[in-house]
Amino acid sequence: MTVRISATVLLASLDDISRCVRRGGRFTVTYRGRAAFHVVPLGNAEVSRRRLDQDSLYQAGPVGASRPLRRP
């Protein structure tokens, strides 16, 4: 079963959460009320890994332009 926790709770109790995850626990971490990411044990069969050339986010173009930092 996946437990929903906020990012604030995750940071405040990282030791306890990591211990629980090592024993098989799963967490969905929310940020500002929306699911942000999952914390699952390593070696989990449900976690799929794609090759980068097949990942749509990796293939996405630039979002904006950057400017040089102005120094006084």
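Okay, so let's go over this structure. On a predicted model such as this, the values are computed, not experimentally measured, just so you know.

Okay, the overall build of the protein next. Assigned secondary structure in the protein consists of three helices and three strands. Starting at the N terminus, the α and β elements of the protein follow one another as β-α-α-β-β-α. Its C-alpha radius of gyration of 18 Å places the protein more than 25% over the 11 Å reference for a compact globule of 72 residues. Across its three principal axes, the protein shows a C-alpha extent of roughly 50 × 35 × 20 Å. Scored against the burial criterion, the 72 residues of the protein give a buried share of 15%. For the protein, contacts bridging at least 24 residues in sequence account for 27% of all contacts bridging at least 6. Element-wise, carbon and sulfur atoms account for 54% of the exposed surface of the protein, whose accessible area totals about 6,800 Å². Distance between charge centres in the protein, computed from 13 positive and 5 negative side chains, equals 9 Å.

Moving on to the pairing of strand β2 (residues 26–31). Relative to β2, strand β1 (residues 2–6) is paired through five bridges, and the arrangement is parallel. Residue pairing in the sheet places Val3 in a bridge with Phe27 of β2. One ladder, built from five bridges, connects β2 with strand β3 (residues 34–39); its direction is antiparallel. Considered in β3, the bridge of Tyr31 is made with Arg34.

Here Thr30 shows up in strand β2. When its relative accessible area of 12% is taken as the criterion, Thr30 is described as buried.

On to the sheet that holds β2. One key point about sheets: their strands pair by backbone hydrogen bonds, in either a parallel or an antiparallel sense. Sheet architecture is open: three strands sit in the order β1-β2-β3, paired in mixed fashion. Two strands bound the open sheet, and with one partner strand each, they are β1 and β3. Adjacent strand axes in the sheet meet at a mean angle of 30° when their direction is disregarded.

What counts as what
Residues numbered from 1 in each chain as written. Predicted model: local features only at pLDDT ≥ 70, side-chain atom pairs only at ≥ 80, totals over all residues. Heavy atoms only, no water. Helix = DSSP H or I, 4+ residues; strand = E, 2+ residues; numbered from the N terminus. Rg over C-alpha atoms; globule rule 2.2 N^0.38 Å. Buried < 20%, exposed > 50% of the residue type's maximum accessible area, 1.4 Å probe, protein only. Contact = heavy atoms within 4.5 Å. Areas by Shrake-Rupley, 256 points an atom, 1.4 Å probe, with all protein chains shown as cover. Lys, Arg positive; Asp, Glu negative; His and termini not counted. Charge placed at Lys NZ, Arg CZ, Asp CG, Glu CD. Pairing = 2+ DSSP bridges. Axes fitted to C-alpha atoms, helices over the stretch in contact; angles between N-to-C directions.

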